[in-house]
Amino acid sequence: MTIVTDQELFQASADLRVALGRLVRRLRQSYVAGEPTLPERSVLSRLDREGPATPGCLADLERVKPQAMGVTLAGLVERGLVERRKDDSDGRKVLMSVTETGVKLLTDRRSQTTRQMAAVLAGKFTAAEQRALITAIPLIERLADEL
């Protein structure tokens, strides 16, 4: 196994940052008026994957100020995508959870974007490239968690 130098890691980090930035911009360009924004989709996805959470916890996890999370959650609640309820273990806390409508919206949106990405991967990437991307996903997720 070859040792990776600090310079190689630095260059790989810079290249990955640029590539992921381009990917995120492309995904944002597919935004349609009236649909949840990227931050709203991120919160919906997190609640769907991880279950109910307090607004403060969501703000920490999404690395935004509590006030910004409050605005995001208010919009989601207003559209019936997220609901508030008291925490059974601590009545002073409020838990946010995704509604059935929110799950359906996520599923529909994921399906559209996922189909688009899958078509590109199937048509423009070799089997080896597809496998390399699949293998890299957990590493990218771990990197995101550690930053």
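Each remark here, short or long, concerns the structure printed above.
This one's a predicted model, so the numbers in the text were calculated from it and none came from an experiment.

Peer 1: Tell me about the overall build of the protein chain, and please be specific about residues and values.
Peer 2: A tally of helices and strands in the protein chain yields six helices and two strands. Beginning at the N terminus, the succession of helices and strands in the protein chain can be written as α-α-α-α-β-β-α-α. Taken over C-alpha atoms, the radius of gyration comes to 18 Å for the protein chain, far larger than the 15 Å a tight globule of 147 residues would show. Once the C-alpha set of the protein chain is aligned to its principal axes, its extents read approximately 55 × 35 × 25 Å. By residue count, 21% of the 147 residues in the protein chain fall in the buried class. Across the protein chain, the fraction of contacts at a sequence separation of at least 24, relative to all contacts at a separation of at least 6, is 49%. Surface accessibility of the protein chain: about 10,900 Å² in total, with carbon and sulfur atoms responsible for 59%. Taking the 23 positively charged and 20 negatively charged side chains of the protein chain as two groups, their mean positions are separated by 5 Å.

Peer 1: Tell me about the packing of helix 2 (residues 38-50) against helix 4 (residues 66-78), and please be specific about residues and values.
Peer 2: Two elements in contact, helix 2 and helix 4, have axes whose closest approach is 10 Å; the angle formed by their N-to-C orientations is 80°. Overall, the two elements helix 2 and helix 4 adopt an arrangement that is roughly perpendicular. In this structure, helix 2 contributes Pro39, Glu40, Val43 and Leu44 to the contact, and helix 4 contributes Met69, Thr72, Leu73, Gly75 and Leu76. Residues that form the contact of helix 2 with helix 4 fall into these classes: six nonpolar, two polar and one charged.

Basis of the calculations
Residues numbered from 1 in each chain as written. Predicted model: local features only at pLDDT ≥ 70, side-chain atom pairs only at ≥ 80, totals over all residues. Heavy atoms only, no water. Helix = DSSP H or I, 4+ residues; strand = E, 2+ residues; numbered from the N terminus. Rg over C-alpha atoms; globule rule 2.2 N^0.38 Å. Buried < 20%, exposed > 50% of the residue type's maximum accessible area, 1.4 Å probe, protein only. Contact = heavy atoms within 4.5 Å. Areas by Shrake-Rupley, 256 points an atom, 1.4 Å probe, with all protein chains shown as cover. Lys, Arg positive; Asp, Glu negative; His and termini not counted. Charge placed at Lys NZ, Arg CZ, Asp CG, Glu CD. Axes fitted to C-alpha atoms, helices over the stretch in contact; angles between N-to-C directions. Parallel < 35°, antiparallel > 145°, perpendicular 65-115°, else oblique. Nonpolar A, V, L, I, M, F, W, Y, C, P; charged D, E, K, R; others polar.

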